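# Observations on the model geometry
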Amino acid sequence: MHEIDLNLVEMTLDVMKFAISRITDTNPPLGKPRTEKELKSLVGETVTPKGIGGEVAFKLFRDVLLKASVPIDHPRHLAFVPASPTRAAIMFDLVTSASSVHGAFWLEGAGCIFAENEAMRWLVSLTGLPEGAFGVFTSGGTEANLSAMVTAREAWRARAPEHARTRGIILTSSGAHSSVKAMAKVIDADVLTVDTEDRLEAAMVREHISRMPKDERERLFAVVATAGTTNAGIIDDLSGIGTLCKEEGFWFHVDAAYGGGALAAPSVRHLFKGIEMADSVTIDPHKWLFSPYDCGAVIYREPELARQAHTQGGSYLDIFYDEGYRGFNPADYQIQLTRRVRGLPLWFSLAMHGTDRYTKAIERGIELARIAGRLIERSPLVELVRAPSLSCVLFRRVGWKPEEYTRWTLKNHSDGFALVAPTKWRQKGNVETVARFCFINPDTTERDIEDILLTMHS
Ligand SMILES: *Cc1c(COP(=O)(O)O)cnc(C)c1O
């Protein structure tokens, strides 16, 4: 299994040929799911005592399994938060795997971690956080949020030891990402939400806190603001909330998992004012910074607090902390120990293209949202639910009921044409099913948008 023979070399060439054709394909077929039963009948037994052979397995993957999966970088995949890794980053993802480097400790990963940190320095510079702020690449925004919350909670308890057994409270808005609630469960904290899917304002947070009973207020240790809500691209009042947190001594976490890429876009950078006050920030390079999955990031104002919260002890780990191996250990700043050096594809792509091209590609997503907004305003059949924000556009098809949106999604998907999905928009107790675009891929064209809007005519 670990021998190198002619077969393996040929196989590698075949696989590489496929990878190259996929990397250079700007319009891959839009795969769609099949049932597990269908897939089983098409594929048969694949894991057997003797193996089915690489050629057979690869054919099954290419011809059946991949076709039953959606390429996230399809130019008409505008649902959820799509992605569009640069070709350089995808290529370097292959190199990262082939290099077999352990990315937890400087002892083993120094050179690769150095490169990751170069990319991280650029990310940190986008936030405007002060000297000393730094971060680490995580598996995604969920893990980044979790790592930040653990750090916040540990810092709170270190400051007030009487809270060692107190269940903490995190305050956020109902527009925050589901992972905030999910990760609060992991750390056994309560989440209170200010009921708004629109921009969370400092005054609303203040009001909410003033109505909390005293014992609750004492348990409140962190406020999570969102910089680019996943549903609508809304950026909370970061400066107001940041100021409030500073006054009250709350940890201020900014979840910019989706929106963070737009920190590099001058046309909207002012909307993020106040992010530099954060104690921690989540940014997902695998969303709007064109990295392949999976690559999130968490940045801390004071990395030392994260180190105190996350460093794992253990007799066989001691050597990693020896003088001779001193350096930055990514394992010390988030919840994961063994990790791939997942920041490398981003680093390579940044190094190859320069940051200006990132700015341009991100601005294109924002421009596409504005174009979509204009096209929607021009058509009598559709109307904007709210002005486009970052690269998100919420709009309604006049007269449609929720089932009609669902049917529209399924039809476009099963035609292999586009993946666009409905969402819900909640305003003043009223919940409406609406259509949504989220633009990431700079290869999406105005024509793509027009064609998708046309599919709402019937
Ligand atoms: C996507 C997203 C997350 C979760 O990130 P994953 O990478 O999917 O784990 C968290 N917060 C926001 C605002 C997001 O958009």
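Residues numbered from 1 in each chain as written. Predicted model: local features only at pLDDT ≥ 70, side-chain atom pairs only at ≥ 80, totals over all residues. Heavy atoms only, no water.

## Section: the domain arrangement of the protein chain
The assigned domain composition of the protein chain is domain 1 (1-30 + 33-69), domain 2 (101-353) and domain 3 (355-454). Between the C-alpha centres of domain 1 and domain 2 the distance comes to 37 Å. (Domains from an automatic or database assignment.)

## Looking at the site of the ligand
Residues in close proximity to the ligand total 13 residues, the closest being Gly141, Thr142, Asp255, Asp284 and Lys287. A distance of 2.6 Å separates an oxygen atom of the ligand from a polar side-chain atom of Thr142. One of the side-chain N or O atoms of Asp255 is found 2.6 Å from a nitrogen atom in the ligand. Protein contact buries 86% of the 380 Å² of open area that the ligand shows by itself. (Near = heavy atom within 4 Å. Polar contact = N/O pair within 3.5 Å; in protein donor to acceptor, adjacent residues only side chain to side chain. Areas by Shrake-Rupley, 256 points an atom, 1.4 Å probe, with all protein chains shown as cover.)

## Observations regarding helix 3 (residues 54-65)
Three or more residues of helix 3 are buried, namely Phe58, Leu60 and Val64. Residues of helix 3 that are buried make contact with helix 1 (6-23) and helix 2 (36-43). (Buried < 20%, exposed > 50% of the residue type's maximum accessible area, 1.4 Å probe, protein only. Helix = DSSP H or I, 4+ residues; strand = E, 2+ residues; numbered from the N terminus. Contact = heavy atoms within 4.5 Å.)

## Quick notes on the sheet that holds strand 1 (residues 134-138)
Spatially, 1-7-6-5-4-2-3 is the arrangement adopted by the seven strands of the open sheet, whose pairing is mixed. For this open sheet the edge positions go to strand 1 and strand 3 (190-194), each flanked by a neighbour on one side alone. With strand direction ignored, the average angle separating the axes of adjacent strands in the sheet is 20 degrees. Here strand 2 (residues 169-173) pairs with strand 3 via five bridges, running parallel. Paired with Ile169 across the strands is Asp190, a residue of strand 3. Along the sheet face, helix 8 (residues 202-210) touches strand 2, strand 3 and strand 4 (220-226) and points at about 125 degrees away from the line of strand 3. (Pairing = 2+ DSSP bridges. Axes fitted to C-alpha atoms, helices over the stretch in contact; angles between N-to-C directions.)

## Remarks on the environment of Gly365
Locating Gly365 in the fold gives a position in helix 14 (residues 355-378). Separated by 212 residues in the primary sequence, Gly365 and Arg153 place their C-alpha atoms 36 Å from one another. What Gly365 contacts, discounting residues up to four positions off in sequence, is Trp288, Ser391 and Phe439.

## Considering the pattern of salt bridges
Close approach of charged atoms allows side chains of opposite charge to pair. On inspection of all chains with the given rule, the structure shows 29 salt bridges. For Arg426, the salt bridge identified is with Asp195, shortest N-O distance 2.5 Å. A residue pair is termed long-range when its members are at least 10 positions apart, and Arg426 in strand 10 (residues 422-427) and Asp195 in the loop between strand 3 and helix 8 qualify at 231 residues. Overall, the relative accessible area of 30% leaves Arg426 in the partly exposed class. Arg447 is paired through a salt bridge with Asp451; the nearest N and O atoms lie 3.2 Å apart. With a gap of four residues between them, Arg447 and Asp451 both fall in helix 16 (residues 446-454), about one helical turn apart. Overall, Arg447 belongs to the exposed group, its relative accessible area being 54%. Residue Asp451 is classed as partly exposed on the basis of its relative accessible area of 21%. Here the salt bridges do not stand alone but share partners, grouping Arg167, Asp188, Asp190 and Arg219 into one network. (Salt bridge = Lys/Arg side-chain N within 4 Å of Asp/Glu carboxyl O.)

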